[in-house]
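# Survey of secondary and tertiary structure
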Amino acid sequence: MSPAEPNLPPDLQSVIDELARSEQGARRLIEGLTDTQLNWQPYDGAAWSIAQCLDHLGRINTTYAAALHAAVQTRGPAALPRRGPICPGWFSRFFIRSMDAPPRRKFNAPTRAKPSSQIEGGQALTSFVDSHNPIRSLIHRSLELDFNRIRFSNPFVRLLRFTVGTGLMIILAHDRRHLWQAEQVRNSLPGQHVQ
């Protein structure tokens, strides 16, 4: 958990803390593994490797963060001063749950978010960790805004519009989903038991 930051409301501190936990979890996932192990795909290649999970998260998070930043920068009359913690509506909560771990249903990754077939482990980790920096920046630069009132278009499903607060919750849930998936891959690596 990252140290509490002054003037950061508890709900936003919670987002910052979870980003840090996800990064620590990703570091533990790749610790002690070779690039061959990090690129091993279970089910004869039908599922993603650990490195592919991290690469995918880096791509998704970067795209989502850009959409959130654009929404905040072009805020209009709906961008009222912050009135309370992030509070997604019922459909947003349903969508967040659908992204969370363990996966309840399979989704096809958008083309621009599909991971490379072979990725150097350090590069995959760096991509994932770096994808969190714009999210932290958004939170720190927009503390005074009501994340429950500013909306953005989902960059992968344009018909869906969510609040910026919901967007942050989607990122966290999606991180948990693929880190859980990567953990299952690590636990099933052939030839050894990896802890």
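Residues numbered from 1 in each chain as written. Predicted model: local features only at pLDDT ≥ 70, side-chain atom pairs only at ≥ 80, totals over all residues. Heavy atoms only, no water.

Relative to the helices and strands, S49 is located in the loop between helix 3 (42-45) and helix 4 (50-73). Separated by 3.2 Å, the side chain of S49 and the backbone oxygen of L38 make a polar contact. Those residues in contact with S49 that sit more than four places away from it in its chain are L38, N39, W40 and Q41. (Helix = DSSP H or I, 4+ residues; strand = E, 2+ residues; numbered from the N terminus. Polar contact = N/O pair within 3.5 Å; in protein donor to acceptor, adjacent residues only side chain to side chain. Contact = heavy atoms within 4.5 Å.)

Moving on, we get to the packing of helix 1 (residues 10-30) against helix 7 (residues 133-141). Remark: helix 1 packs on helix 7, axes separated minimally by 11 Å, with the N-to-C direction vectors making an angle of 165°. By the criterion of interaxial angle, the relationship of helix 1 to helix 7 is roughly antiparallel. Note on packing geometry: the crossing formed by helix 1 with helix 7 is left-handed. Here L12, V15, I16, L19, A20 and E23 of helix 1 come into contact with helix 7, specifically with I135, R136, I139 and H140. Taken together, the residues of the contact of helix 1 with helix 7 break down into 7 nonpolar, 1 polar and 2 charged. (Axes fitted to C-alpha atoms, helices over the stretch in contact; angles between N-to-C directions. Parallel < 35°, antiparallel > 145°, perpendicular 65-115°, else oblique. Left-handed = near helix turned anticlockwise from the far one by under 90°. Nonpolar A, V, L, I, M, F, W, Y, C, P; charged D, E, K, R; others polar.)

Before going further, it helps to examine the packing of helix 1 against helix 8 (residues 164-187). Where helix 1 contacts helix 8, the axes come no closer than 10 Å and their chain directions differ by 15°. If you check the angle between helix 1 and helix 8, you find them roughly parallel. Our pair here, helix 1 against helix 8, has a crossing hand that is left-handed. For the pair formed by helix 1 and helix 8, the contact residues are V15, E18, L19, S22, A26, R28, L29 and I30 on the first element and M169, L172, D175, R176, L179, A182, E183 and R186 on the second. Class assignment for the residues of the contact of helix 1 with helix 8 results in 9 nonpolar, 1 polar and 6 charged.

A word on the nonpolar core. Counting residues in hydrophobic clusters, the biggest one holds 32 residues, and the most contacted among them are I139, V164 and L168. Counting residues per element, the ones that place at least two in this core are helix 1, helix 4, helix 5 (90-99), helix 7 and helix 8. Counting residues per element, this core draws most heavily on helix 4, at 7 residues. Beyond its immediate chain neighbours, meaning those up to four positions away, L168 contacts L68, I86, I135, L138, I139 and F147. The next biggest cluster of nonpolar side chains, apart from the first, holds 19 residues, and it includes I50, A124, F128 and V185. (Core = buried A, V, L, I, M, F, W, Y, C linked by side-chain atoms within 4.5 Å. Buried < 20%, exposed > 50% of the residue type's maximum accessible area, 1.4 Å probe, protein only.)

Here the focus is the packing of aromatic side chains. Counted according to the given criterion, the structure contains 6 aromatic pairs. Ring geometry for Y64 against F152: centres 5.8 Å apart, planes inclined by 70°, an arrangement best described as edge-to-face. Residue Y64 is located in helix 4, and its partner F152 is located in strand 1 (residues 151-153); the two are separated by 88 residues in the primary sequence. Accessibility classification places Y64 together with F152 in one group, the buried group. Pairwise contacts between aromatic rings join W90, F91, F94, F95 and F162 into one cluster. (Phe/Tyr/Trp six-rings, centres within 6.5 Å; stacked < 30°, edge-to-face > 60°.)

Read these as geometric descriptors, not functional statements.
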